[in-house]
Amino acid sequence: MPGEKPQVTAPITAPVSADDATLERAVADAEVHPLLQTLAHITGEDGLLPEHLRQTPEGVLADQGGLDGERLEEARRLARDALKRFRDGGGVVTAPPPDRTRLREIMRFAVGDAADDDDLLPVLTSELALDGDPDAPTWRAEGEQTRFTVAIVGAGMSGLMAAYRLDQAGVPYVIIEKNDDVGGTWLENGYPGCRVDVTNHFYSYSFARLEDWPQYFSTRDVLLGYFRAFADEHGLRENVRFSTEVLSATFSDADGTWSLRVRGPDGAEDTVTANAVISAVGQLNRPRWPDIDGISDFTGPYFHSAEWDHDVSLAGKRVVVIGTGASAYQFIPEIADEAAEVTVFQRTPPWLVPTANYHDDVAEGLQWLLRHLPHFARWYRFWQFVRSAEGLIGMVRVDPDWEPKDVSVSAENEMLRQMLAAAMEAQVADPELAAKVVPRYPPAAKRMLRDNGVWLATLQRDDVHLATEPIQKVVDTGVITRDGTRYEADVIIYGTGFQASRFLTPMKVVGSGGVDLHEHWDGDARAYLGITVPGFPNFFCVYGPNTNIVVNGSIIFFSECAVHYIQECLKLLFDRGARTLECRRDVHDAFNAKVDADNLGMSWGAADVPTWYKNDRGRVSQNWPYSLAEYWHRTHGPDPADFTFT
Ligand code: NAP
């Protein structure tokens, strides 16, 4: 079975006693900002965070926070000396925990004046999590409340997290999972080369940190192992009904409960009743087959990337791949070595963001720090958060006065476009190929991918061909394009993505008054904060409509926020002795109107390019147009005035 079992890291207690060479290696391999922040924290020394060595706003996009040359050497010298003093002084933390003022000072080294922003500070402090798990429920169900039950649909990253929080709060729950294991998207997507493309030290639960990830962007097996280990460690599997699909969820106005019709592994149906439902089914879990004629006429093997058929050998075969999104981008370089030839059908090229360490193991010295220096892992994750959270968002906002908007949406976006285009062009010798692979739409209108040179090198292999002519149809032995060219194939692989905007399908959800959720949405799914829908009491979504992010952060952060909100909604219910809570329609509508308007002010809303960020009506139904901090604040305590209670 794939999936190693990384265990969540225990706090570091052993004194640092390494030799000079080890410490010097560590400093050489580390990002100096989180290292100096850690040293300032654990030693309490002044002078480790001089203003001229701070990360600048532009430094967010550069290695070492923009430090190079003498300034980088100065920062490393400071770190080396402080690290040796720390070891020589016993190698254990003796400084008192930083108070609020000191914390601001240390944070300022990475975030500059934003450390003085009273709105941002709680988000940063929570993310740093020096006290352990700041979002854990501060309450526990008691008496009658312990008979309140929750049905969670899905045992992926979000469902497991919801279960863990309910466990902490003493609220009984059952998870219903269609697969035979936990892991969701990381279980289903077993295609070659699958890995996370958000830096791993940030793409992990804030309350169950694995500090020593083997790679900066770990592989699918490692991630699946992490989620499996999490489920095992917390006994969550005991409450999962595996291989069981939720067919429908129906609310009863009479008693305020939900009835879930489920089909189990043997095909038998039964009903699960619950007081609340949490849908944690993800956005990217139903494969999307393209509307191309003749798919089933092909006589050879064919499959979708999310349902990879590992029984089909590609050795020596002519393989056609349709799609160049995040999935195809990862598996094409892997299969190119095995197949005799690969023809890649590209409709829209992806933008690539230079990321030299995309496939690399974590450097030895950095790994040493993560494993041995107290609190370094916290500050390293904090650093990742600061750099990836809001790093690019300012560069993808639309300037209404910027014209034309076909290839960029603002001066900053144009700067980014030129930078990315230059990095791509530098890798392609043939100008004809460059014209095909360098996008001609604004950066961030579609998902941007991580570039360590592998993709464009693959497209330049002699046995890999890039086809950009639109496909007319699939026939028995291959693919015919609109210009009449026939591409013979032994195997066709569809890397054509997911039915992302068809939220919660195919599950039928019937709310108050017998209203069917999918009829109500009519192809345009909406929710308040992506979580609650008027008319559907005690029904909550995680990673629901308009909670996807494009250039800032990790979806785990979003799910943590949503689960926190749901947990606090339950507390609201319990505190009021109410049976149900339902979002007010006017609150929901005002929120959605604002999100729609603001999404139009982002690259992905303004650009005219195919993207799963928009639904069939052309509305951006997936994305959150604001900062992570904004979602954190909006979800860190439900406002009772937003709801009606029964
Ligand atoms: P996707 O981004 O939707 O890509 C689908 C690809 O299929 C696109 O290149 C699309 O072209 C092409 N396509 C669709 N219909 C077509 C047709 N009729 N003819 C020709 N080409 C067609 O799907 P995905 O690659 O599976 O990725 C989906 C999302 O999953 C990602 O954006 C990301 O959020 C997530 N993901 C993440 C990772 C990760 O690194 N952790 C890996 C994989 C996926 P157009 O671009 O022209 O539409």
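Our structure's up above, just so we're on the same page.
Below you will find a few notes about this structure. (Residues numbered from 1 in each chain as written. Predicted model: local features only at pLDDT ≥ 70, side-chain atom pairs only at ≥ 80, totals over all residues. Heavy atoms only, no water.)

**Some details on the overall build of the protein**
Each helix and strand in the protein was counted, giving 19 helices and 21 strands. For the protein, the C-alpha radius of gyration of 25 Å lies close to 26 Å, the compact-globule estimate for 646 residues. Projected onto its principal axes, the C-alpha coordinates of the protein cover approximately 70 × 70 × 55 Å. Every one of the 646 residues in the protein was classed for burial, and the buried ones make up 58%. Taking all contacts inside the protein whose residues are at least 6 apart in sequence as the whole, residues at least 24 apart take part in 72%. Total accessible area on the protein is roughly 25400 Å²; 48% of this is exposed by carbon and sulfur atoms. (Helix = DSSP H or I, 4+ residues; strand = E, 2+ residues; numbered from the N terminus. Rg over C-alpha atoms; globule rule 2.2 N^0.38 Å. Buried < 20%, exposed > 50% of the residue type's maximum accessible area, 1.4 Å probe, protein only. Contact = heavy atoms within 4.5 Å. Areas by Shrake-Rupley, 256 points an atom, 1.4 Å probe, with all protein chains shown as cover.)

**What about the site of the ligand?**
Contacts to the ligand come from 26 residues, most closely from Ala326, Ser327, Arg347, Thr348 and Lys446. Within the side chain of Arg347, one N or O atom sits 2.8 Å away from an oxygen atom of the ligand. Thr348 places a polar side-chain atom, nitrogen or oxygen, 2.5 Å from an oxygen atom of the ligand. For the ligand, the accessible surface in isolation is 900 Å², of which the surrounding protein chains cover 88%. No other element matches helix α9 (residues 326-336), which puts three residues into the shell around the ligand. Counted by class, the shell around the ligand contains 11 nonpolar, nine polar and six charged residues. Taken together, domain 2 (148-182 + 236-286 + 500-639) and domain 3 (295-351 + 397-494) each give at least three residues to the shell around the ligand, which thus spans both. (Near = heavy atom within 4 Å. Polar contact = N/O pair within 3.5 Å; in protein donor to acceptor, adjacent residues only side chain to side chain. Nonpolar A, V, L, I, M, F, W, Y, C, P; charged D, E, K, R; others polar. Domains from an automatic or database assignment.)

**Notes on the sheet that holds strand β5 (residues 258-263)**
Spatially, β6-β5-β4-β18 is the arrangement adopted by the four strands of the open sheet, whose pairing is mixed. In this open sheet, the two edge strands, each paired with only one partner strand, are β6 (269-274) and β18 (508-510). On average, adjacent strands in this sheet sit at an angle of 20 degrees to one another, irrespective of strand direction. Here strand β4 (residues 245-251) pairs with β18 via three bridges, running parallel. From the neighbouring strand, Ala249 faces β18, where its bridge partner is Val509. (Pairing = 2+ DSSP bridges. Axes fitted to C-alpha atoms, helices over the stretch in contact; angles between N-to-C directions.)

**Some remarks on the environment of Asp462**
Looking at the secondary structure, you find Asp462 in the loop between α14 (454-459) and β13 (464-467). Here Asp462 falls in the exposed class, since its relative accessible area comes to 75%. Separated by 121 residues in sequence, Asp462 and Glu341 place their C-alpha atoms 8.4 Å apart.

**Remarks on the pairing of strand β9 (residues 318-322)**
A large share of β9 lies buried, amounting to four of its five residues. Both β9 and strand β10 (residues 341-345) contribute to a ladder of five bridges, which runs parallel. Following the sheet pairing, Val319 is matched in β10 by Val342. The parallel pair β9 and β10, bridged by α9, forms a crossover whose chirality is right-handed. Strand direction decides the pairing type here: β9 and strand β17 (residues 491-494), joined by four bridges, are parallel. (Right-handed = clockwise from strand over helix to strand, strands pointing away.)

**Describing the sheet that holds β9**
By way of backbone hydrogen bonds, the strands of a sheet pair with one another, either parallel or antiparallel. What the five strands build is an open sheet, ordered β8-β17-β9-β10-β13; its pairing is parallel. Only two strands of the sheet have a single neighbouring strand rather than two, namely β8 (302-304) and β13. Pairwise comparison of adjacent strand axes, ignoring direction, gives a mean angle of 20 degrees for this sheet. Strand contacts of α9: β9, β10, β13 and β17, with the helix running at about 170 degrees to β9, the strand carrying the most contacts.

**What about helix α2 (residues 32-43)?**
Each α-helix winds once per 3.6 residues, and so residues spaced three or four apart point in a common direction. In a regular helix each residue adds 1.5 Å, so 12 residues correspond to 16 Å; α2 covers 16 Å between its end C-alpha atoms and thus fits that length. Of all 12 residues in α2, 11 are buried; the element is thus mostly enclosed. Turning to α2, its buried residues number three or more, namely Val32, His33, Pro34, Leu35, Leu36, Gln37, Thr38, Leu39, Ala40, His41 and Ile42. Where α2 is buried, its residues meet α1 (20-29), α3 (69-88), α4 (100-111), α10 (364-372) and α11 (376-389). Just beyond α2, the residue with positive phi is Gly44, at close to 70 degrees. (Expected span 1.5 Å × (residues − 1).)

**Brief notes about the packing of aromatic side chains**
Within this structure, the stated rule accounts for 38 aromatic pairs. The interplanar angle of 80 degrees and the centroid separation of 5.5 Å between the aromatic rings of Tyr205 and Phe227 together place this pair among those described as edge-to-face. Placement of the pair is Tyr205 in the loop between α7 (185-188) and α8 (220-233) and Phe227 in helix α8, with a sequence separation of 22 residues. Take Tyr205 and Phe227: they sit in the same class, and that class is buried. Seen in terms of ring centroids, Phe303 and Trp308 are 4.9 Å apart; in terms of plane orientation they differ by 65 degrees. Their pairing is edge-to-face. Across the pair, Trp308 and Phe303 agree in class, each one buried. Cluster of aromatic residues (ring-pair linked, three or more members): Tyr164, Tyr205, Phe207, Trp213, Tyr226, Phe227 and Phe230. Sitting over the ring of Phe207, Arg165 keeps its end group 4.4 Å from the ring centre. (Phe/Tyr/Trp six-rings, centres within 6.5 Å; stacked < 30°, edge-to-face > 60°. Lys NZ or Arg CZ within 6 Å of the ring centre and 35° of its normal.)

**So, the environment of Glu31**
Of note, Glu31 is situated in the loop between α1 and α2. C-alpha separation for the pair Glu31 and Ser501, spaced 470 residues apart in sequence, amounts to 39 Å. When sequence neighbours within four positions are dropped, the list of residues in contact with Glu31 reads Gln64, Tyr380 and Trp383.

**So, the nonpolar core**
Generally speaking, a soluble globular protein has its nonpolar side chains buried in company with each other. Of all hydrophobic cores here, the largest spans 179 residues; its most connected members are Met107, Val150, Ile152, Leu160, Tyr205, Phe227 and Ile493. Broken down by element, this core gets its largest block of residues, 14 residues, from helix α16 (residues 555-576). Sequence-distant contacts of Ile493, defined by excluding residues within four places in its chain, comprise Phe303, Trp308, Leu314, Val319, Val320, Val321, Ile322, Phe331 and Ile335. (Core = buried A, V, L, I, M, F, W, Y, C linked by side-chain atoms within 4.5 Å.)

**Focus: the packing of α10 against α11**
With their axes 7 Å apart at the nearest point, α10 and α11 run at an angle of 120 degrees to one another. Judged by the angle between their axes, α10 and α11 are oblique. Residue-level inspection shows Leu366, Leu369 and Leu370 of α10 in contact with α11, the latter providing Phe376, Ala377 and Tyr380. Tallied by class, residues from the contact of α10 with α11 come to six nonpolar, no polar and no charged. (Parallel < 35°, antiparallel > 145°, perpendicular 65-115°, else oblique.)

**Some words on the packing of helix α5 (residues 120-128) against α11**
In the contact formed by α5 and α11, the axes pass within 9 Å of each other and the chain directions differ by 135 degrees. Between α5 and α11, the angle is such that the two are oblique. As for how α5 packs across α11, the hand of that crossing is right-handed. Here Val123, Leu124, Glu127 and Leu128 of α5 come into contact with α11, specifically with Arg378, Trp379, Arg381, Phe382, Phe385 and Val386. Residues belonging to the contact of α5 with α11 are distributed by class as follows: seven nonpolar, no polar and three charged. (Left-handed = near helix turned anticlockwise from the far one by under 90°.)

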